[in-house]
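Overview (structure and organization)
Chain by chain, the residues:
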Amino acid sequence: MIGLCLDDDGDGDGDGDVVEAIPIPIAIAIAVTKTGSIPMRILVVGSGGREHTLIWQLKREQPDAQIYAAPGNGGTKALAESVPLKPGEIEELADFADSREIELTVVGPEAPLADGIVDVFSGRGLKIFGPSKAAAELEGSKAFAKTIMEKAGVPTAGHRTLTDYEETERYIRERGAPIVIKASGLAAGKGAIVCQTVDDAVAAAHSMMVDKSFGDAGTTVVVEDCLVGEELSILYLTDGEHAIPLIPSQDHKPIGEGDIGLNTGGMGAYAPVSIADDALVGRVSDTIVMPTLAQMRAEDRIFRGVLYCGLMIVDGDPYVIEFNCRFGDPETQAILPLLDSSLLDVFQKVARGESLAGTDFRFSRRAAVCTVLASKGYPGRYEKGKVIDVPESLADDPDMIVLHAGTRRDTEGKLVTDGGRVLGVVGLGDDVSGAAAKSREAATAIKFSGKYFRGDIGYREIERQSRS
Ligand code: AMP
Ligand code: GLY
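This structure is a prediction, so every number in the text was calculated from the model and none was measured.

**Re the overall build of the protein chain**
Assigned secondary structure in the protein chain consists of 15 helices and 23 strands. Whereas a compact globule of 468 residues would reach a radius of gyration of roughly 23 Å, the protein chain reaches 22 Å, a difference of no more than 12%. By the burial criterion, 54% of the 468 residues in the protein chain qualify as buried. For the protein chain, restricting intrachain contacts to residue pairs at least 6 apart in sequence, the fraction spanning at least 24 positions comes to 68%.

**So, the packing of helix 2 (residues 49-61) against helix 12 (residues 343-351)**
Helix packing geometry: the angle between the two helix axes and the distance between the axes. Axis separation between helix 2 and helix 12 bottoms out at 9 Å; the angle between their running directions is 105°. Taken as axis vectors, helix 2 and helix 12 run roughly perpendicular relative to one another. On the side of helix 2, the interface is formed by Leu54, Gln57, Leu58 and Glu61, while helix 12 contributes Leu343, Leu344, Asp345 and Phe347. Tallied by class, the residues present in the contact of helix 2 with helix 12 amount to 5 nonpolar, 1 polar and 2 charged.

**Thoughts on the site of ligand 1**
In the region of ligand 1, 15 residues are neighbours, and Glu224, Asp225, Leu227, Glu231 and Glu322 sit closest. The side chain of Lys182 places a nitrogen or oxygen atom 3.1 Å from a nitrogen atom of ligand 1. Here a nitrogen atom of ligand 1 sits 3.0 Å away from a polar atom, N or O, in the main chain of Asp225. Against a free-state accessible area of 470 Å², the protein chains account for coverage of 91% of ligand 1. Going through the elements one at a time, strand 7 (179-183), strand 8 (192-195), strand 9 (221-225) and strand 17 (317-324) are the ones with two or more residues in the shell around ligand 1. A class-by-class count of the residues in the shell around ligand 1 yields 8 nonpolar, no polar and 7 charged.

**Observations concerning helix 9 (residues 198-209)**
The terminal C-alpha atoms of helix 9 lie 16 Å apart, and with 12 residues this matches the ideal 16 Å at 1.5 Å per residue to within 8%. Listing the buried residues of helix 9 in full gives Ala201, Val202, Ala204, Ala205, Met208 and Met209. Across the axial projection of helix 9, the buried residues extend over an arc of 160°, all falling on one side. Buried-residue contacts for helix 9 involve strand 6 (159-162), helix 8 (165-175), strand 7, strand 8 and strand 9.

**Description of the environment of Lys146**
Looking at where Lys146 falls in the secondary structure, it is placed in helix 7 (residues 142-152). Under the relative-accessibility criterion, Lys146 is labelled buried at 3%. Separated by 303 residues in sequence, Lys146 and Ser449 have C-alpha atoms that sit 44 Å apart. Residues contacting Lys146, with those up to four places away along its chain left out, are Thr156, Ala157, His159, Val222 and Glu224.

**A look at the pattern of salt bridges**
All told, the structure shown has 31 salt bridges when counted by the stated rule. Taking the shortest distance from any N to any O, the salt bridge between Arg362 and Asp360 comes out at 3.0 Å. Here the salt bridges share partners, and the residues they tie into one network are Glu91, Asp95, Asp98 and Arg124.

Conventions and cut-offs
Residues numbered from 1 in each chain as written. Chains lettered and ligands numbered in written order. Predicted model: local features only at pLDDT ≥ 70, side-chain atom pairs only at ≥ 80, totals over all residues. Heavy atoms only, no water. Helix = DSSP H or I, 4+ residues; strand = E, 2+ residues; numbered from the N terminus. Rg over C-alpha atoms; globule rule 2.2 N^0.38 Å. Buried < 20%, exposed > 50% of the residue type's maximum accessible area, 1.4 Å probe, protein only. Contact = heavy atoms within 4.5 Å. Axes fitted to C-alpha atoms, helices over the stretch in contact; angles between N-to-C directions. Parallel < 35°, antiparallel > 145°, perpendicular 65-115°, else oblique. Nonpolar A, V, L, I, M, F, W, Y, C, P; charged D, E, K, R; others polar. Near = heavy atom within 4 Å. Polar contact = N/O pair within 3.5 Å; in protein donor to acceptor, adjacent residues only side chain to side chain. Areas by Shrake-Rupley, 256 points an atom, 1.4 Å probe, with all protein chains shown as cover. Expected span 1.5 Å × (residues − 1). Arc of directions from axis to C-beta. Salt bridge = Lys/Arg side-chain N within 4 Å of Asp/Glu carboxyl O.

Pasting the structure below:
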């Protein structure tokens, strides 16, 4: 078996120990399956729950695939070989993809997309799923996104883009509160501040524009009218012209049950969302996604990849709160387990520049709820390195999926916490309340010191269910 990347040590992690130990030319260091065919080689960039879910899904579709995670986390190791490269190390990632003859690269986080990872890979003839740097500006610059929406006539909150602090203060005082102040650039999901008073809004603008609390990301701000309604995430897979909607989902951003307290990266998500019926998804496609993609084509910034539409539904009408250029986290954890079609097929078509026209894409009629287990103190300061106990029985339940985010293996191989959001536990059920019960059961069974989770993920849908 020398020179083959099979899981020779039998621990299920497929980490190709023999190849690590004996340097041999890359060309022959390619795995073969038991049937003698060469498995597909895929690189997934990122280390969060979203990336673990992508790897889980790709492995579900192609059990033989040789997947690499750069850098991955404590959970991805069971499915993918960890590569010690960070998402920002674009040239090194391209060198790796080149040397390992990676056939497809999938990028999780926004920063490398905004920094042009797709342009670098494509320039070297490497297949990659995601938008170019010019297209990723839809997320990278809220000011740019607003301009595209204006030109395309896409419904969004009334707003003004500003670069001068005094003028911003005047505009805030003129508009009044509540009002939303957004750093235009990437701010790790923390750049939008919903302000209930004018004083808070002025302070937020001062902090961004004068104190540079988000660095250069806050030099330009978008001051936006506050929309009141229910939030919804609809993600589209797109070749730049055709777009396939994924099942609608809803994130839960605040740390506390009942949506109170500080905003986080997302404490849980569920799918489907009954307010997002076929008619609403059709309207989002027709009034938001198609005009946006057309405008991007017209500006020679063809958007290929995932277009994440963060929406506010106001009196039944969808408005864009934000566009993202990548999969959502934790929405992906709730969406992909419901998939009944091939994501890999779509990734490959888009990476090859092929059309998605006529692609059959289906979801099961079940429901999924993802509850995030966080470290005590998150989204503020928290400790790391707490030993995590995941009961083995969870793996035997087909309606429970444990997805890792901030985890790692310590030097003794023990699974320990390594981030604010530690795990996402997905429960599946025939409806959202059944799925939520499963998710909570798994969240309760997993133990680590300082574990915190919201026990109410999906509560809006469960209330709707109980009323109908
Ligand atoms: P963003 O970073 O743009 O996703 O915004 C973070 C959160 O701020 C959103 O999930 C909303 O809850 C809230 N938000 C953003 N824009 C608005 C708006 N125009 N009106 C009301 N809430 C908003
Ligand atoms: N769940 C919000 C995001 O991925 O941006």
